[in-house]
Amino acid sequence: MAQANSQFMQEAIALSIKSVKSGQGGPFGAVIVKDGEIIAKAHNQVTSTNDPTAHAEIMAIRQACQVLQTFQLNGCELYTSCEPCPMCLGAIYWARLDRVYYANTKADAADIDFDDQFIYQELDLPIGERQLPMVQMMRQEALSAFQLWSQTVDKTEY
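Now for a quick tour of the structure. Remember, predicted model here, so these are calculated numbers, not experimental data.

Structural notes on the layout of surface pockets
Turning to step 1, where the next piece is worked out: Here the largest pocket defines a volume of roughly 290 Å³.
Turning to step 2, where the next piece is worked out: Contributing to the lining of the largest pocket are 18 residues, with Phe28, His55, Cys85, Phe114 and Asp116 lying nearest its centre.
Turning to step 3, where the next piece is worked out: Of all the secondary structure elements, the ones that give two or more residues to the lining of the largest pocket are α2 (46-49), α3 (56-68) and α5 (106-111).
Turning to step 4, where the next piece is worked out: In this model, the second largest pocket occupies a volume close to 180 Å³.
Turning to step 5, where the next piece is worked out: Taken together, Phe118, Ile119, Glu122, Leu123, Arg130, Leu132 and Met134 make up the full set of residues lining the second largest pocket.
Turning to step 6, where the next piece is worked out: The class makeup of the residues in the lining of the second largest pocket is five nonpolar, no polar and two charged.

Following this line, the structure appears as structure tokens:
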């Protein structure tokens, strides 16, 4: 496993500052490194793109996947200016990054009104007790796609 590199974290922090100064989004930046080289870098662009998923980590993951022409980032590391939120953490696991280095904590983010604690709490609740109503419907019809996937031999698994 590669050793942490403060230059990569400094780049992530610089991107977080750029995000604030440019007015493009919140104070978050991220870089993805493979074999000691930055292959992707991004800052938060939620407000400038009107995309609530345009967090720095998500944007960097998307860029790295395009650069490497893959949907899995094995062998890559993420340097992010802040501990990832639940959405980004989920994406990091799905992308299969090897390691995450972060600077600010989720408590630091909460101190400036980026508090994701309610999401963590909601995820621990049974579906019926969450604040967001979720209603299951048409399961039998939807299972046909799962059955088709299960029976398909020449699929790209992930």
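From this point on, the discussion continues.
A closer look at a negative patch on the surface
Turning to step 1, where the next piece is worked out: Together, Asp108, Asp111, Asp113 and Asp115 give the surface a local cluster of negative charge.
Turning to step 2, where the next piece is worked out: Considering the arrangement of structural elements, one finds aspartate 108 in helix α5.
Turning to step 3, where the next piece is worked out: Taking relative accessible area as the criterion, aspartate 108 reaches 36% and is therefore assigned partly exposed.

Comments concerning the pairing of strand β1 (residues 29-34)
Turning to step 1, where the next piece is worked out: Within β1, five of the six residues are buried, which leaves it mostly tucked inside the rest of the structure.
Turning to step 2, where the next piece is worked out: Looking at chain direction, β1 and strand β2 (residues 37-43) are connected through six bridges and run antiparallel. For alanine 30, the partnering residue across the bridge sits in β2 and is alanine 42.
Turning to step 3, where the next piece is worked out: Between β1 and β2, which pair antiparallel one after the other, the connecting turn spans two residues, and aspartate 35 there sits at a positive phi close to 50°.

Structural notes on the pattern of salt bridges
Turning to step 1, where the next piece is worked out: In total, this model carries two salt bridges according to the counting rule given.
Turning to step 2, where the next piece is worked out: Among the salt bridges present, the one from lysine 41 reaches glutamate 11, with a minimum N-O distance of 3.3 Å. With lysine 41 in strand β2 and glutamate 11 in helix α1 (residues 6-22), the pair connects residues that are 30 residues apart, well separated along the chain.

Some thoughts on the packing of aromatic side chains
Turning to step 1, where the next piece is worked out: This structure, assessed with the given rule, holds five aromatic pairs.
Turning to step 2, where the next piece is worked out: Centroid distance phenylalanine 28 to phenylalanine 114: 5.0 Å. Interplanar angle 90°. Geometry classified as edge-to-face. Taken together, the residues phenylalanine 28 in the loop between α1 and β1 and phenylalanine 114 in the loop between α5 and α6 (117-124) connect sequence positions 86 residues apart.
Turning to step 3, where the next piece is worked out: Residue class for phenylalanine 114 comes out partly exposed when judged on its relative accessible area of 35%.
Turning to step 4, where the next piece is worked out: Between the aromatic rings of tryptophan 149 and tyrosine 158, the centroid separation amounts to 6.4 Å while the plane-to-plane angle is 70°, which identifies the pairing as edge-to-face.

About the criteria used
Residues numbered from 1 in each chain as written. Predicted model: local features only at pLDDT ≥ 70, side-chain atom pairs only at ≥ 80, totals over all residues. Heavy atoms only, no water. 1 Å grid on protein atoms, 1.4 Å probe; cavity = no way out; pocket = protein on both sides within 12 Å on 5 of 7 lines; lining within 4 Å. Points joined across faces, edges and corners; volume = space filled by probe spheres on them. Helix = DSSP H or I, 4+ residues; strand = E, 2+ residues; numbered from the N terminus. Nonpolar A, V, L, I, M, F, W, Y, C, P; charged D, E, K, R; others polar. Patch = residues over 30% accessible without salt bridge, like charges linked within 9 Å, V, L, I, M, F, W, Y side chains within 5 Å. Areas by Shrake-Rupley, 256 points an atom, 1.4 Å probe, with all protein chains shown as cover. Salt bridge = Lys/Arg side-chain N within 4 Å of Asp/Glu carboxyl O. Lys, Arg positive; Asp, Glu negative; His and termini not counted. Charge placed at Lys NZ, Arg CZ, Asp CG, Glu CD. Buried < 20%, exposed > 50% of the residue type's maximum accessible area, 1.4 Å probe, protein only. Pairing = 2+ DSSP bridges. Phe/Tyr/Trp six-rings, centres within 6.5 Å; stacked < 30°, edge-to-face > 60°.

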